[in-house]
Structure formats: C-alpha cells, structure tokens
Amino acid sequence: GGGTIALRLQGDFAMARGQQAAALTAYGNALKKDDSTDMALRLYGAHVAAGDMAKGVAFLDKWQKNHPDNIVVLRTIGDADRQLGNLAAARTAYENILKLQPADGPAWNNLALTASAQNDKGATGFAERAYALRPNDSAVIDTLGWLLFRQGQVDRGLALLRDARLRDSTDPEIRYHLAAALAKSGRRTEARE
C-alpha cells in the first residue's frame, strides 16, 4: 500500500543524509508491510552503512529462514560472511545456492574461494566447475588460475591469469595475482610491468 512506499522513501532519504538509525527504523517498519527481498536488502544495507555488517548478516540470516529459496539473499549472506571471515557460514550459503541452482557459476567461484581460505583441497575442483560454466568470466578465470598456480600447475595457472588480465586489465586483484605468479615463477621483468 501507499504506507509502504512512504516508509521506503523515508528510509532512502535518511540513508542519503547518512542517518542510518532513522533509515533502519523506516525500513524495519516498511518490511512489516512489505516482506520483500528489496526491503530486506535495504535494511541490510542500512546496517552496513552504519558500520555493522555483522548485525546486517544476522538480520538476513533470520529473514532467510522464512525465505529459504531466496538466492539473492543467500548470495548477499555468503559474500558478507566471507568478508567477515565467517568461512563456514559463507560456505553453507554458497552450498545452499548450489542446491537450488546447480549451474550457478558465481556461487561455484565463491565456494572455491571460501574452500581455499579453509585450506580445503576441494577448492580447485569447485573453481573448475565455475570455469566450465563461465569460461569468459574474468573473476572465475582468475580464481582458477590462482588456485592452479598455487598448487604448482604453473603453466596452466599463468595462462589463465594472463587471460583474466586481458579480459579485465583494471581489476586490482587480477593484476596482483598475475604479478605475484610471474614473480614467483622467475619472470621478474614481466611481473614488474
């Protein structure tokens, strides 16, 4: 109804003015009337803007229990938990996405990154799945190249990292991975470039 839109706008204006507490109140009230993904993510965003991503994730975890099939929110939870270093929780979120959507390349990619941070040998297999699904995605190519390189598959790893950089020369993580791999494999001149 009209009440929901007014509350949402109130929240949006508060966010624009940097008044996160007012935004949280407005979005919280709007969510009671409109239990949508959009409202849930706005409320989460207000927590993040207030400097409390952990509180935002706790809210989304609770919201997700009533919306178990919501892939957008699962992905937000996974990415936030990974950023917060909650690797087991992040992994569960990505695994839940893949139960719902087995061909989700980005979820396989982020599962690979999470598993790698957990020192799980299965990480490269997850990265290979992502690459099979998204062979032109620079982030996916970078993940697989970096994991292979670190496992000692230097040539294939470097070839993938070079490919990732050709596709996206501005991404700092891709550039760092390629430079680090080149330096470690003795290609110092190319690494400096």
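See the structure above.
Residues numbered from 1 in each chain as written. Predicted model: local features only at pLDDT ≥ 70, side-chain atom pairs only at ≥ 80, totals over all residues. Heavy atoms only, no water.

1. Some points on the overall build of the protein
Note the following rule: Every helix listed is a DSSP run of H or I at least four residues long, and every strand listed is a run of E at least two residues long, numbered separately from the N terminus. Only protein chains enter the accessibility calculation, which uses a 1.4 Å probe. A residue is then buried if its area is under 20% of the maximum for its type, exposed if over 50%, and partly exposed in between. The contact criterion used throughout is that any non-hydrogen atoms of two residues lie within 4.5 Å. Here, Shrake-Rupley sampling with a 1.4 Å probe gives the accessible areas, and only protein chains in the shown set may cover a residue. In this tally, Asp and Glu contribute negative charge and Lys and Arg positive charge; neither His nor the terminal groups of the chain are included. Where a charge lies is defined by one atom per residue type, namely NZ (Lys), CZ (Arg), CG (Asp) and CD (Glu).
A count of helical and extended segments in the protein gives 12 helices and zero strands. Its helices and strands in sequence order give the protein the pattern α-α-α-α-α-α-α-α-α-α-α-α, from N to C terminus. Across its three principal directions, the C-alpha atoms of the protein cover 60 × 35 × 25 Å. When each of the 193 residues of the protein is scored for burial, the buried share is 41%. Within the protein, counting contacts between residues at least 6 apart in sequence, those at least 24 apart form 43% of the total. Summing over all exposed atoms, the protein offers an accessible surface of approximately 10,100 Å²; the carbon and sulfur share of this is 52%. In the protein, 25 positive and 22 negative side-chain charges are present, and the distance between their average locations comes to 3 Å.

2. A short note on the environment of Leu87
Tracing the backbone through its elements, the reader meets Leu87 in helix α6 (residues 87-100). Sequence separation between Leu87 and Trp146 is 59 residues; the distance between their C-alpha atoms is 19 Å. Ignoring any residue separated from it by four or fewer positions in sequence, one finds Leu87 in contact with Thr114, Ala117 and Gln118.

3. Brief notes about the environment of Ala191
Structurally, Ala191 can be placed in helix α12 (residues 188-192). Classification of Ala191 by relative accessible area gives buried; the value is 16%. Along the chain, Ala191 and Asp38 lie 153 residues apart, while their C-alpha atoms are 44 Å from each other.

4. Overview of a nonpolar patch on the surface
Where we set the bar: For patch detection, residues must exceed 30% relative accessible area and be free of salt bridges, and they are connected within 9 Å for like charges or within 5 Å for nonpolar side chains (Val, Leu, Ile, Met, Phe, Trp, Tyr). The salt bridge criterion pairs a side-chain nitrogen of Lys or Arg with a carboxyl oxygen of Asp or Glu, the two atoms within 4 Å.
A surface patch of nonpolar side chains, amounting to about 290 Å² of accessible area, comprises Ile5, Leu9 and Phe13. Checked against the element boundaries, Phe13 lands in helix α1 (residues 2-16). The exposure class of Phe13 is exposed, given its relative accessible area of 51%.

5. Re the packing of aromatic side chains
Inclusion rule: Geometry of aromatic contacts follows a simple scheme: Phe, Tyr and Trp rings, the Trp one being its six-membered ring, pair when their centres are within 6.5 Å, and the pair is stacked under 30 degrees between planes, edge-to-face over 60, tilted otherwise.
All chains considered together, the criterion is met by three aromatic pairs. Measuring from ring centre to ring centre gives 5.9 Å for Trp108 and Phe126, while their planes differ by 35°; the resulting arrangement is tilted. Of this pair, Trp108 sits in helix α7 (residues 105-117) while Phe126 sits in helix α8 (residues 123-133), and the two are 18 residues apart along the sequence. Each member of the pair Trp108 and Phe126 is classed as buried. A ring pair is formed by Trp146 and Tyr176, whose centres lie 6.1 Å apart and whose planes are at 55°; its orientation type is tilted. With Trp146 in helix α9 (residues 138-150) and Tyr176 in helix α11 (residues 172-184), this residue pair connects regions lying 30 residues apart in the sequence. Chaining the aromatic ring pairs together yields one cluster made of Trp146, Phe149 and Tyr176.

6. Details of the pattern of salt bridges
Pairing is possible between side chains of opposite charge, provided their charged atoms come close. A full pass over the atoms with the stated rule returns eight salt bridges. Of the charged contacts, one joins Arg42 and Asp38 as a salt bridge, the two residues approaching to 3.0 Å between their closest N and O atoms. Of this pair, Arg42 and Asp38 are both found in helix α3 (residues 37-49), four residues apart, which corresponds to roughly one turn of the helix. Among the ionic contacts, a cluster of salt bridges with common partners joins Asp12, Asp38 and Arg42.

7. Considering the packing of α8 against α9
Convention followed: For helices, the fitted axis covers only the stretch in contact; all axes are lines through C-alpha atoms, and the angles between them, taken along N-to-C directions, range from 0 to 180 degrees. Angles below 35 degrees are treated as roughly parallel, those above 145 as roughly antiparallel, those between 65 and 115 as roughly perpendicular, and all remaining angles as oblique. Take the far helix as your reference; a near helix turned counterclockwise from it by less than a right angle gives a left-handed crossing, and one turned clockwise gives a right-handed crossing. Only Asp, Glu, Lys and Arg are considered charged, only Ala, Val, Leu, Ile, Met, Phe, Trp, Tyr, Cys and Pro nonpolar, and every remaining residue, Gly among them, polar.
Between α8 and α9, the least distance of the axes is 9 Å, while the angle of their chain directions is 150°. Taken as axis vectors, α8 and α9 run roughly antiparallel relative to one another. Along this stretch, α8 crosses α9, giving a crossing that reads as left-handed. For the pair α8 and α9, the contacting residues are Ala123, Thr124, Ala127, Glu128, Ala130 and Tyr131 in the first and Val140, Ile141, Thr143, Leu144, Leu147 and Leu148 in the second. Each residue belonging to the contact of α8 with α9 can be placed in one class, and the counts come to nine nonpolar, two polar and one charged.

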